[in-house]
Amino acid sequence: MPLLAYCMMEAAAGVAKPVAGVGGEKVEEVRDSGLRCFFSRLQSGEELSRIPAVESALSFHQVLQTLFSQAGLIPFRFPTVVEDEQALLRFLREHAAVYSAELGRLRHMAQMEIHIREGREEGSGSLPASGREYLEGRQRRAEELKAAVEKLRQAGGPWVREWRQRSSGQGMRCYALLPRDAVDAFQQAIRAVSQSLPGARLSGPWPPAEFVEIKDS
Amino acid sequence: MMAENDLLAGLAGQDEISLLDILDHVLNAGVVIHGSVVISLAGVDLIYLGLNVVLTSVETALRHMRLEEMPGGARE
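Residues numbered from 1 in each chain as written. Chains lettered and ligands numbered in written order. Predicted model: local features only at pLDDT ≥ 70, side-chain atom pairs only at ≥ 80, totals over all residues. Heavy atoms only, no water.

Applying the stated criterion across every chain yields a total of four aromatic pairs over all chains. Sitting above the plane of the Phe68 of chain A ring, Arg180 of chain A keeps its charged end 4.2 Å from the centroid. (Phe/Tyr/Trp six-rings, centres within 6.5 Å; stacked < 30°, edge-to-face > 60°. Lys NZ or Arg CZ within 6 Å of the ring centre and 35° of its normal.)

As a further point, take the pattern of salt bridges. All names here are of chain A. Inspection of the entire model under this criterion finds 15 salt bridges over all chains. Close ionic contact of Glu102 with Arg105 constitutes a salt bridge, the shortest N to O distance being 2.8 Å. One end of the pair is Glu102 and the other is Arg105, both in helix H3 (residues 85-105) and three residues apart, which spans about a single turn. For Arg105, a relative accessible area of 34% puts it in the partly exposed group. The partner of Glu162 in a salt bridge is Arg164, with the nearest N and O atoms 3.1 Å apart. A network of salt bridges, in which partner residues are shared, links Glu102, Arg105, Glu162, Arg164 and Glu213. (Salt bridge = Lys/Arg side-chain N within 4 Å of Asp/Glu carboxyl O. Helix = DSSP H or I, 4+ residues; strand = E, 2+ residues; numbered from the N terminus. Buried < 20%, exposed > 50% of the residue type's maximum accessible area, 1.4 Å probe, protein only.)

Segments scoring low in pLDDT should not have their predicted coordinates read at a detailed level. Here chain A averages 87 in pLDDT, and 93% of its residues register 70 or above. Here helix H1 (residues 47-50) of chain A stands out as the least confident element of chain A, with mean pLDDT 69; strand E3 (residues 35-41) of chain A is the most confident, with 95. (pLDDT = per-residue confidence, 0-100.)

A word on the packing of helix H4 (residues 131-156) of chain A against helix H5 (residues 183-194) of chain A. Residues and elements named next belong to chain A. Packing of H4 against H5 brings their axes to within 8 Å, and their N-to-C directions diverge by 150°. The crossing of H4 and H5 is right-handed. Note on element contacts: H5 touches H4 through Phe186, Ala189, Ile190, Val193 and Ser194, opposite Lys151, Leu152, Ala155 and Gly156. Across the contact of H4 with H5, the residue classes tally to six nonpolar, two polar and one charged. (Axes fitted to C-alpha atoms, helices over the stretch in contact; angles between N-to-C directions. Left-handed = near helix turned anticlockwise from the far one by under 90°. Contact = heavy atoms within 4.5 Å. Nonpolar A, V, L, I, M, F, W, Y, C, P; charged D, E, K, R; others polar.)

What follows covers the sheet that holds strand E4 (residues 74-82) of chain A. Residue and element names in this part refer to chain A. Across the sheet, which stays open at both edges, the four strands sit in the order E2-E3-E1-E4 with antiparallel pairing between neighbours. Sheet topology places strand E2 (28-32) and E4 at the edges, where each strand pairs with a single neighbour. The sheet shows a mean angle of 25° between the axes of neighbouring strands, direction not considered. (Pairing = 2+ DSSP bridges.)

Inspection of the secondary structure puts Asn28 of chain B in helix H2 (residues 19-28). A polar contact of 2.6 Å, which involves the side chain of Asn28 of chain B, links it to the side chain of Asp24 of chain B. (Polar contact = N/O pair within 3.5 Å; in protein donor to acceptor, adjacent residues only side chain to side chain.)

Residue and element names in this part refer to chain A. Taken in spatial order, the four strands of this open sheet run E6-E7-E5-E8, and their pairing is antiparallel. With one partner strand each, in any of the chains shown, strand E6 (162-168) and strand E8 (200-206) form the two edges of the open sheet. Taken pair by pair, the neighbouring strands of this sheet meet at an average axis angle of 20°, ignoring direction. The pairing of strand E5 (residues 109-117) with E8 spans five bridges and is classified as antiparallel. Note on E8: the bridge partner recorded for His115 is Arg201. Across the sheet, helix H2 (residues 53-68) touches E5 and E8, and the angle it forms with E8 is around 65°.

All names here are of chain A. Of all the nine residues making up E4, nine are buried; the element is thus mostly covered by neighbouring parts of the structure. Of the pairings in the sheet, the one linking strand E1 (residues 3-10) to E4 comprises five bridges and is antiparallel in character. Bridge pairing in E4 places Leu3 opposite Val82.

Printed below as a string of structure tokens:
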């Protein structure tokens, strides 16, 4: 019977399982090699496609958040489906060392995110008069974006253990790794600065998936 | 089974998180198991899925495609 995998935790983490997961199915777990892995059963391979995708994704998120509110975890990407319990156990055994190390490192951490949308020029409805004007506009927006990122990074600096950022099609995505007990202070500091940055939006706390160091084999 | 609205109402306490953020996260963040599954209908095997990345957002898919187009097929 196929399984939908939610996340991994340290086996020693004392958490209460959510009652129901995606599709109302019971959330179950396996333990092996010092890891605890949560999943729910799918009656068949096509069961997932019967549930509206957004509803499934929200249920999946709710399971993760319920567990993450109690202990550190590494999520699986939705929808990660494995053949059966044996396949999940095999995966845990093969990767136990690396995931245990990462769970230990990130045990008390949370991830906050700031999405900064690139600013628009005034009168941006009209096309630039020349290539030079277009390039100058792009350069100006890139510099504004860079300055905004730096301002936010500095504001959150006292609490941030690691910072990552990458450009998206519409701006920049910034990821901050910080201790769970610093989330409120970080939020306040970022909110205070982001009031002057209309394109910036803060979200979190999330499980620190962006900071999990797993090399693809 | 909970309706989408009920689920969103249950998440109302997390005022910093929008539906878009949630979808972005569950589809783009997390460990991917390299495996496979066969989707069957009425006992007949219909579809074989390689499970490196089953479903992802457009942004992530484009990012992967751009990386693969780079010389040497660099990956994240």
